[in-house]
Amino acid sequence: MKGITQATELLLFRAVKFFICLLPRKICLLSGSILGLSFFLVDNKHRSLALSNLKRALGNELPLSSLRRISRNSFTHFVRAIFDSLKFSYLKEDMKTRLLKVKGDENLDEALQKGKGVLIFSAHYGSWEIAPFFLSKKSKISVIVRALDNSLLEEEVLELRRSLGTNVIYKNKASRAILNSLKAKEMVCTLIDQNVLRSHAVFVDFFGKKAASTPGLATFHMRTGAPIVPAFCYPTASQTYILEILPPVEIQPDKDFTLNVLKITQTCNKIIENQIRKKPDYWLWFHDRWKTRPEGEI
């Protein structure tokens, strides 16, 4: 039964990919928005979760009508971003270049010049799958991902990521591959905005509430000295993209390794929070970000 389900999902994905390949980009974007709105209307569970998260994060700053609008836009943006990433992979090289405007690439150049590799972090925000198209022109880049449950579909997605210049490191065997990439003065990118298990987490403030966050980024920085660089890719009103590369993260180091990891993780999460606040519609509000709670908290 599992094999049939996976094969069906693969065929559906290929059909969508073929459909997107044939259509003009504007129609693809419109189709993604319509499908995202459909999910918003029928998926009561995730719609309620998104609104609950928004109330927790921004409820003291925005009226309920604004929170509902952001929730709806989060759904439409997510599917639209998937469709656009698929379409982007089929565009000619010069068209891809014209669609992407880069801000702050000197920050990445500065980090690469240190010769220790670079740890890039981002979030499930905006058009994150498109960023490696530019980043891979600076140096070889590997992205840390969790493999899809559908192994057939994972092969398709892997091929798409490679077409945009991305090498993939799977989470279940990441440590050695990350260290080897940094040793070779390459870039490693990870998205650090999702909930993790308590046994794998440090708890930092995120929109005013403790959130279980991965300490991996900070740990690899402490072990290798590789600079940590924030980068966010997001769409514009003219249907182009901006890739914004921020200055490397700097903290006042402490003698305590654990405390340093906590301080770095908190700083990086605050950078993500600040980016989300600029355009909250672009974040994945229907992810259960605050699911894992600290020991002893109900």
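For the structure itself, look to the data block above.
Here is a short report on the structure shown in this document.

What counts and what doesn't
- Numbers given for residues are sequential positions, taken from 1 along each chain in its written order.
- In view of the model being predicted, local features appear only for residues whose pLDDT reaches at least 70, and side-chain atom pairs are presented and counted only at 80 or more, with totals across whole chains, interfaces and linings using the full set of residues.
- Only heavy atoms go into the side-chain values, all of them from the structure, while hydrogens and water stay out.
- Strands here are runs of E lasting at least two residues and helices are runs of H or I lasting at least four, both read from the DSSP assignment and numbered beginning at the N terminus.
- With C-alpha atoms as the basis for the radius of gyration, the globule rule is written as 2.2 Å multiplied by the number of residues raised to the power 0.38.
- Here's how the labels work: a residue is buried when its accessible area is under 20% of the maximum for its type, exposed when over 50%, partly exposed in between, all with a 1.4 Å probe on protein chains only.
- The contact criterion used is simple: two residues touch if any of their non-hydrogen atoms lie within 4.5 Å.
- Under this rule, positive means Lys or Arg and negative means Asp or Glu; His and the chain ends count for nothing.
- Where a charge lies is defined by one atom per residue type, namely NZ (Lys), CZ (Arg), CG (Asp) and CD (Glu).
- Residues belong to one nonpolar core when they are buried, are Ala, Val, Leu, Ile, Met, Phe, Trp, Tyr or Cys, and are joined through side-chain atoms within 4.5 Å.
- It is the directions from the helix axis to the C-beta atoms that the arc portrays.
- By convention in these notes, a salt bridge is any Lys or Arg side-chain nitrogen within 4 Å of a carboxyl oxygen on Asp or Glu.
- Paired strands, in this sense, are two strands between which DSSP finds at least two bridges.
- Between the N-to-C directions of two axes lies an angle of 0 to 180 degrees, each axis being a line fitted to C-alpha atoms and, for a helix, fitted only over the stretch in contact.
- Here the aromatic set is Phe, Tyr and Trp, taking the six-membered ring for Trp, and pairing holds for ring centres within 6.5 Å; pairs whose planes are under 30 degrees apart are stacked, those over 60 apart are edge-to-face, and all others are tilted.
- Counted as over-ring charges are cases with an Arg CZ or a Lys NZ within 6 Å of the ring centre that also lie within 35 degrees of the ring normal.

### What about the overall build of the protein?
Here is step 1: Each helix and strand counted, the protein has eleven helices and nine strands in total.
Here is step 2: Rg of the C-alpha trace for the protein: 19 Å, near the compact-globule value of 19 Å for 298 residues, within the 12% margin.
Here is step 3: Referenced to the eigenvectors of the C-alpha coordinate spread, the extents of the protein come out at roughly 55 × 45 × 45 Å.
Here is step 4: The proportion of buried residues among the 298 residues of the protein is 51%.
Here is step 5: Long-range pairs, those at least 24 residues apart, make up 77% of the contacts in the protein with a sequence separation of at least 6.
Here is step 6: Taking the 45 positively charged and 28 negatively charged side chains of the protein as two groups, their mean positions are separated by 2 Å.

### Thoughts on the nonpolar core
In globular proteins that are soluble, nonpolar side chains generally tend to be buried together.
Here is step 1: Phe121 and Trp285 are the most contacted members of the largest nonpolar core, which totals 44 residues.
Here is step 2: Within the residue set of this core, elements represented by two or more residues are α3 (44-58), α4 (64-90), β2 (118-122), α9 (175-183), α10 (216-224), β8 (228-235) and α11 (257-278).
Here is step 3: Considering each element in turn, this core owes the most residues, six residues, to α11.
Here is step 4: Leave out the neighbours within four places in its chain, and Phe121 touches Thr190, Ile192, Leu217, Ile228, Val229, Pro230, Ala231, Val249, Cys268, Ile271 and Ile272.

### Side note on α10
Here is step 1: All of the buried residues in α10 are Leu217, Ala218 and Phe220. On an axial view of α10, the arc spanned by its buried residues comes to 165 degrees, and they lie on one face.
Here is step 2: Looking at the buried residues of α10, the elements they touch are β2, α9, β5 (187-191), β8 and α11.

### Some thoughts on the side chain of Ser89
Here is step 1: By secondary structure assignment, the location of Ser89 is in helix α4.
Here is step 2: Ignoring anything within four residues of it in the chain, the contact list for Ser89 reads Lys96, Leu160, Ser163 and Leu164.

### Here's the deal with the pattern of salt bridges
Here is step 1: Evaluated as defined, the whole model comprises 15 salt bridges.
Here is step 2: For the salt bridge of Asp281 with Arg69, the shortest nitrogen-to-oxygen distance reads 3.2 Å. Note that Asp281 is positioned in the segment after α11 and Arg69 in helix α4, a separation of 212 residues in sequence.
Here is step 3: Note that Asp205 is salt-bridged to Lys270, the shortest N-O span being 3.6 Å. Placement of the pair is Asp205 in strand β6 (residues 202-206) and Lys270 in helix α11, with a sequence separation of 65 residues.
Here is step 4: What makes Lys270 partly exposed here is its relative accessible area of 30%.
Here is step 5: Each of Glu61, Asp205, Lys270, Glu273 and Arg277 takes part in salt bridges that share partners, so that together they form one network.

### Brief notes about the environment of Ile130
Here is step 1: Residue position: Ile130 is located in the loop between β2 and α7 (132-135).
Here is step 2: Put simply, Ile130 and Ser85 are 45 residues apart on the chain and 6.3 Å apart in space, counted from C-alpha to C-alpha.
Here is step 3: Those residues in contact with Ile130 that sit more than four places away from it in its chain are Ser85, Phe88, Cys233 and Tyr241.

### Details of the sheet that holds strand β4 (residues 166-170)
Here is step 1: In space, the seven strands of this open sheet follow the order β1-β9-β8-β2-β5-β3-β4, with mixed pairing throughout. A strand with exactly one partner marks an edge of an open sheet, and here the two such strands are β1 (100-103) and β4. Within this sheet the neighbouring strands show an average axis-to-axis angle of 25 degrees, counted without direction.
Here is step 2: With five bridges connecting them, β8 and strand β9 (residues 241-245) associate as antiparallel partners.

### Quick notes on the packing of aromatic side chains
Here is step 1: By the definition in use, this model includes 14 aromatic pairs.
Here is step 2: Here Phe88 and Phe133 contribute two aromatic rings whose centre-to-centre distance is 5.5 Å and whose plane-to-plane angle is 80 degrees, an arrangement assigned as edge-to-face. Residue Phe88 is located in helix α4, and its partner Phe133 is located in helix α7; the two are separated by 45 residues in the primary sequence. No difference in accessibility class separates Phe88 from Phe133, as the two residues are buried.
Here is step 3: Arranged with centres 4.7 Å apart and planes meeting at 90 degrees, the rings of Trp283 and Trp285 form a pair that is edge-to-face. Grouping residues by exposure puts Trp283 and Trp285 together as buried.
Here is step 4: We note Arg47 situated over the ring of Phe40; from NZ or CZ to the ring centre the distance is 5.8 Å.
Here is step 5: Directly above the aromatic system of Tyr282 lies the positively charged group of Lys279, at a separation of 5.7 Å from the ring centroid.

None of the figures reported here should be taken as evidence of function without further support.
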